[in-house]
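Summary of the model geometry
Chain by chain, the residues:
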Amino acid sequence: MSPRTGRGRGAFGDRPHVAVLGGGVGGLSAAQKLAERGFPVTVYEARERFGGKARSIPGPDRGAGPPLPGEHGFRFFPGFYRHLPDAMARIPDGEGSVADNLVAASGMMLARTGQPAREIGIDTPRSVGEWRTAMENVFAGQDVPADESAFFVNRLLYLLTTCRERREDELEDTTWWEFIEAERMSPAYRTFLGDGLTRMLVAMRPQVSSARTIGRVYLQLFRGRLDPSIEADRVLDAPSNEAWIDPWVRYLEDLGVELHADTAVTRLHADGRRITGAELDDGSEVDADYYVLAVPVEVADRLATEAVCRTAPSLRGLSELETGWMNGVQFYLSEPVGTVHGHGVYYDSPWALTSIAQGQFWPDYDLDARADGSVEDVLSVCVSDWDTPGILYGKPARECSPEEIQEEVWAQLQDHLGEDTLPDAHLVDWFLDPEIRFEDGTVANDAPLLINTVGSLRHRPDAGTEAENLVLAADYVRTHTDLASMEAANEAARRAVNEIIDREGIRSERCGVWDFEEPAVFRPAKRQDQIRYRLGLPHPGEAATPIWRTYDRIRGGASDLTALFD
Ligand SMILES: Cc1cc2nc3c(=O)[nH]c(=O)nc-3n(C[C@H](O)[C@H](O)[C@H](O)COP(=O)(O)OP(=O)(O)OC[C@H]3O[C@@H](n4cnc5c(N)ncnc54)[C@H](O)[C@@H]3O)c2cc1C
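These figures come from a predicted structure and were not determined experimentally.

Topic: the sheet that holds strand β6 (residues 77-78)
- The antiparallel open sheet is built from 3 strands, whose spatial order is β6-β12-β9. If you trace the sheet from one side to the other, it starts and ends with β6 and β9 (102-104), each paired once.
- Both β9 and strand β12 (residues 233-236) contribute to a ladder of 3 bridges, which runs antiparallel. Its bridge partner lying in β12, Ala 104 is registered against Arg 234.

Encoded structure:
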């Protein structure tokens, strides 16, 4: 077998040569951080384009113009993301950086079957009164009884006052469904606060996902509404490749990174101490000083053979991790959709739909110049439930043909928004994520996504493995972010690069890694809970009266939800 890249240290001065296996957000982030620190880097990516799940894909090709823009699903950059925007700010684009291509959304739409869709503002409330109104707006019109809404807020307060150890040990083993006691609540509570809001989080199902993961991310989404220093919801001002991935690849090339597309890793070799090589699908072999494994969890699991697991035992846990399906459908329309300036959640739709009308965020992207010139807007929809029967064909998405999926998603959207908002006459074309493959009557998904099921944290490896020269940079790695997302992939890459720097003893700047920020006002309560946890005692809110009653007492006896925010 001929060595594809046999570049050892000698060829690059004193910095070790790093092979990055996988060119998604994790792999490109690691390549960027390494190259910025003077490491020679080569990236091997199986597909023809870089960017992994975040990449744009050429959509329908109709007429003389270039194809319409397609993607796996829309890209949401919540305000609490810190690692990814920091990396984006270093990628040059025109006079500035690609971080300048992030634009804030100003609203969110909650849509329910047969009822007018409601828009809730996501501008930061400037006073306690505005915060109360914002909270009331979330709950208003959902028919959730006031005492159940208050209980839900109480659960959020419980989370805010729980120490880290209790979150990891107790909440990691509890589902979000159990934690918010959805089973004993009204159907409105289960539909809206149980299933509905959770659908905003990538591929999460409250019945199986850990309360720790969902709870922590919920708190961050709420923080987005409260903290005037961050924007709650941001999106790119053009398709992902134009706004971000293409400039990123150019920047890496300028830094001297060697990028090989269409090159899959088929096997890793290990000798019990180190990774001794990686085989590629063209039969050649990679020989590097360090290997950054940046492939998705299901591929990493396949590459983790017995020999590799003996060398890096923490990879054994990969086979315990579960994935779910979340994939996009784009609808190309002859008129702008005219709904909300932000994301929409169709919270009682059987296929767990979320959407965004993209045209309004792409002021300089000329949709008219593409395909046959008839498209004015792109309604990008994510389908997160592939197992529940739909309303048109009575079948789950997994059992439908591509045309049935398109028709069913369109029908569910119309069911929520009305045919006046989404007339059939405006539909020019549509595009289904090509990672969904149809073969012999069965449907397969080439890009599933990690789900943080209860207890999965203990099976997730750290970025630094036991193998001397193997580190991991992908969304399933243990991170503060702890949600399969672009932010987690970037944080994992930073941790992977820090491992290499530390192991080499190189005097080089470590990459920044940050935990979630939570409101300082709750710190004393968390410290109190930490002492109680170490003494084997329950959380103060479980031990005595529910915490919101305590707040009520402090506040002078009011007992309704509103009083909490007075
Ligand atoms: C529909 C959808 C919508 C999403 N929306 C958001 C969102 O709004 N915000 C957000 O933060 N996150 C979102 N996510 C999640 C986010 O996209 C992923 O968590 C993140 O992009 C994962 O990056 P990664 O580098 O870890 O993995 P991937 O993106 O999977 O990258 C891995 C790369 O490895 C390559 N590869 C695979 N096998 C091999 C091999 N054998 N050899 C070489 N290369 C290989 C793949 O082709 C891929 O390019 C969404 C995900 C989906 C599916």
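Topic: empty space enclosed by the protein
- In total, this model carries 2 cavities of 30 Å³ or more according to the counting rule given.
- If you add up the space inside the largest cavity, you get close to 80 Å³.
- Lining the largest cavity, in full, are Glu 71, Arg 75, Val 235, Leu 236, Ala 238, Pro 239, Ser 240, Gln 358 and Trp 362.
- Grouping the constituent residues of the lining of the largest cavity by class yields 5 nonpolar, 2 polar and 2 charged.
- Taken as a whole, the second largest cavity spans an internal volume of roughly 40 Å³.
- Ser 56, Pro 69, Gly 70, Glu 71, Pro 239, Ser 240, Gln 330, Gln 358, Trp 362 and Val 378 together form the lining of the second largest cavity.
- Residue composition of the lining of the second largest cavity, grouped by class: 4 nonpolar, 5 polar and 1 charged.

Describing the environment of Ala 496
- Along the chain, Ala 496 falls in helix α13 (residues 486-504).
- Its relative accessible area of 1% is what places Ala 496 among the buried residues.
- Residues within four places of Ala 496 in sequence aside, it is in contact with Ala 463, Val 471, Leu 472 and Ala 473.

Some remarks on the pairing of strand β21 (residues 353-357)
- Buried residues dominate β21, accounting for 5 of its 5 residues.
- Neither face of β21 is left uncovered, since the one carrying Leu 353, Ser 355 and Ala 357 and the one carrying Thr 354 and Ile 356 both have all their residues buried.
- Where strand β20 (residues 342-346) and β21 come together, 4 bridges link them in antiparallel fashion. Bridged to Tyr 346 within β21 is Leu 353.
- Once β20 ends, the chain turns through 6 residues before running back antiparallel as β21, passing Ala 352 with a positive phi of about 50°.
- With 5 bridges joining them, β21 and strand β22 (residues 377-383) adopt antiparallel strand pairing. Counted as the bridge partner of Leu 353 is Val 383 from β22.

Considering the packing of helix α1 (residues 25-36) against α13
- Taken N-terminus to C-terminus, the directions of α1 and α13 make an angle of 40°; their axes are 8 Å apart at the nearest point. By the angle between their axes, α1 is oblique relative to α13. Where α1 crosses over α13, the two elements pack in a sense that is right-handed. Contact residues: α1 offers Val 25, Gly 26, Ser 29, Ala 30, Lys 33 and Leu 34, while α13 offers Met 486, Ala 489, Asn 490, Ala 493, Arg 494, Val 497 and Ile 500.
- Here the residues of the contact of α1 with α13 sort into 8 nonpolar, 3 polar and 2 charged.

Here's the deal with the sheet that holds strand β17 (residues 290-293)
- The strand order β13-β3-β2-β17-β27 describes an open sheet built from 5 strands, whose pairing is parallel. Each edge of the open sheet carries a strand with a single partner, namely β13 (258-260) and β27 (470-472). Here the average twist between neighbouring strands, direction ignored, is 20°.
- With 4 bridges joining them, strand β2 (residues 18-21) and β17 adopt parallel strand pairing. The residue of β17 that forms the bridge with Ala 19 is Tyr 291.
- Strand contacts of α13: β2, β17 and β27, with the helix running at about 155° to β27, the strand carrying the most contacts.

A look at the pattern of salt bridges
- Counted by the stated rule, this structure contains 32 salt bridges.
- Ionic pairing is found between Arg 90 and Asp 86, a salt bridge with its closest N-O pair at 3.9 Å.
- Residue Asp 86 is classed as partly exposed on the basis of its relative accessible area of 26%.
- The closest approach of N and O atoms between Arg 212 and Glu 168, which form a salt bridge, is 3.9 Å. In this pair, Arg 212 sits in helix α8 (residues 211-226) while Glu 168 sits in helix α5 (residues 164-169), placing the two residues 44 residues apart along the sequence.
- Here the residues in one salt-bridge network are Arg 164, Glu 168, Glu 172, Arg 212, Arg 460 and Asp 482, joined through shared partners.

Reading guide: rules and limits
Residues numbered from 1 in each chain as written. Predicted model: local features only at pLDDT ≥ 70, side-chain atom pairs only at ≥ 80, totals over all residues. Heavy atoms only, no water. Pairing = 2+ DSSP bridges. Helix = DSSP H or I, 4+ residues; strand = E, 2+ residues; numbered from the N terminus. 1 Å grid on protein atoms, 1.4 Å probe; cavity = no way out; pocket = protein on both sides within 12 Å on 5 of 7 lines; lining within 4 Å. Points joined across faces, edges and corners; volume = space filled by probe spheres on them. Nonpolar A, V, L, I, M, F, W, Y, C, P; charged D, E, K, R; others polar. Buried < 20%, exposed > 50% of the residue type's maximum accessible area, 1.4 Å probe, protein only. Contact = heavy atoms within 4.5 Å. Axes fitted to C-alpha atoms, helices over the stretch in contact; angles between N-to-C directions. Parallel < 35°, antiparallel > 145°, perpendicular 65-115°, else oblique. Left-handed = near helix turned anticlockwise from the far one by under 90°. Salt bridge = Lys/Arg side-chain N within 4 Å of Asp/Glu carboxyl O.

Any functional reading would require information that these geometric values do not contain.
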